[in-house]
Amino acid sequence: QVQLVESGGGLVQPGGSLRLSCVASGFTFSTYDMSWYRQAPGKERELVAMTISTGGNTKYLDSVKDRFTISRDNAKNTVSLQMNSLKPEDTAVYYCNARQWRRANYWGQGTQVTVSS
């Protein structure tokens, strides 16, 4: 069965770094576009970063573009989000997403990231 399992969230001080990881199983990972979304309390879920199935192209939310990096390892069925220079505004639940257009769309359970002094 399909699973997307995130890890790496936690509490970090402003200016700190975290690396989120998502391990996928139950589908052909290398044929899916992978994304990280986040949702803060009272706000809509927003796309943070995405990478196409081959990993050859990426897209970022403007507010994180110079601070976050998405990467994938198709051999290990994983996608990661390196988050540097974290700000309180980055506080949210971060979700791993796998999407193959017109075929499937899968979500992980989410991992909490809290940026606070």
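Residues numbered from 1 in each chain as written. Predicted model: local features only at pLDDT ≥ 70, side-chain atom pairs only at ≥ 80, totals over all residues. Heavy atoms only, no water.

Draft legend 1. Focus on the overall build of the protein. When its secondary structure is counted, the protein shows zero helices and 11 strands. Along the chain direction, N to C, the helices and strands of the protein fall in the order β-β-β-β-β-β-β-β-β-β-β. Here the protein has a C-alpha radius of gyration of 13 Å; the compact-globule value for 117 residues is 13 Å, and the two agree. Projected onto the principal axes, the alpha-carbon positions of the protein cover approximately 40 × 25 × 25 Å. Classification of the 117 residues of the protein by burial places 41% in the buried group. Partitioning the intrachain contacts of the protein with sequence separation of at least 6 by distance along the chain shows that 53% fall at a separation of at least 24. With an accessible surface of roughly 6400 Å², the protein has 46% of that area assigned to carbon and sulfur atoms. If you average the places of the 13 positive and of the 9 negative side-chain charges in the protein, the two averages end up 5 Å apart. (Helix = DSSP H or I, 4+ residues; strand = E, 2+ residues; numbered from the N terminus. Rg over C-alpha atoms; globule rule 2.2 N^0.38 Å. Buried < 20%, exposed > 50% of the residue type's maximum accessible area, 1.4 Å probe, protein only. Contact = heavy atoms within 4.5 Å. Areas by Shrake-Rupley, 256 points an atom, 1.4 Å probe, with all protein chains shown as cover. Lys, Arg positive; Asp, Glu negative; His and termini not counted. Charge placed at Lys NZ, Arg CZ, Asp CG, Glu CD.)

Draft legend 2. Fine view of the pattern of salt bridges. One pass over the structure, following the stated rule, counts three salt bridges. When the shortest N-O distance is used, the salt bridge between Arg38 and Asp90 registers 3.0 Å. Here Arg38, found in strand 4 (residues 33-39), pairs with Asp90, found in the loop between strand 8 (78-83) and strand 9 (92-100); they are 52 residues apart in sequence, far enough to count as distant. Each of Arg38, Glu46, Arg67 and Asp90 takes part in one network of salt bridges that share partners. (Salt bridge = Lys/Arg side-chain N within 4 Å of Asp/Glu carboxyl O.)

Draft legend 3. Expanded view of the packing of aromatic side chains. Enumeration according to the criterion identifies five aromatic pairs in this entry. For the ring pair Phe27 and Phe29, a centre distance of 6.4 Å and an interplane angle of 45° mean the geometry is tilted. Grouping residues by exposure puts Phe27 and Phe29 together as buried. Plain terms: the ring middles of Tyr32 and Tyr106 are 5.8 Å apart, the flat faces sit at 25° to each other, and that makes the pair stacked. One end of the pair, Tyr32, is in the loop between strand 3 (18-25) and strand 4; the other, Tyr106, is in strand 10 (residues 104-107), with 74 residues separating them in the sequence. Through pairs of rings, three or more aromatic residues link up here, namely Phe27, Phe29, Tyr32 and Tyr106. Over the aromatic face of Tyr95 sits the side chain of Arg45, whose NZ or CZ is 3.9 Å from the ring centroid. Across from the ring centre of Trp107, 4.8 Å away, lies the NZ or CZ of Arg45, which sits over that ring. (Phe/Tyr/Trp six-rings, centres within 6.5 Å; stacked < 30°, edge-to-face > 60°. Lys NZ or Arg CZ within 6 Å of the ring centre and 35° of its normal.)

Draft legend 4. Geometry of the sheet that holds strand 8. Read across the open sheet, the four strands follow the order 1-3-8-7; overall the sheet is antiparallel. Each of the sheet's edge strands pairs with one partner strand only, and the pair in question is strand 1 (3-7) and strand 7 (68-73). Here the strands of the sheet are splayed against their neighbours by 15° on average, with no regard to which way each runs. As judged from the five bridges shared by strand 1 and strand 3, these two strands associate in the antiparallel manner. Among the inter-strand pairings, Val5 is bridged to a residue of strand 3, identified as Val23. (Pairing = 2+ DSSP bridges. Axes fitted to C-alpha atoms, helices over the stretch in contact; angles between N-to-C directions.)

Draft legend 5. Looking closely at the pairing of strand 4. Buried residues dominate strand 4, accounting for five of its seven residues. Taken together, the seven bridges between strand 4 and strand 9 define a ladder with antiparallel strand orientation. For Ser35, the partnering residue across the bridge sits in strand 9 and is Asn97. Bridging between strand 4 and strand 5 (residues 46-51) involves five bridges; their strand directions are antiparallel. Bridge assignment links Met34 to a residue of strand 5, and that residue is Thr51. Adjacent in sequence and paired antiparallel, strand 4 and strand 5 are bridged by six residues, among which Gly42 carries a positive phi angle near 80°.

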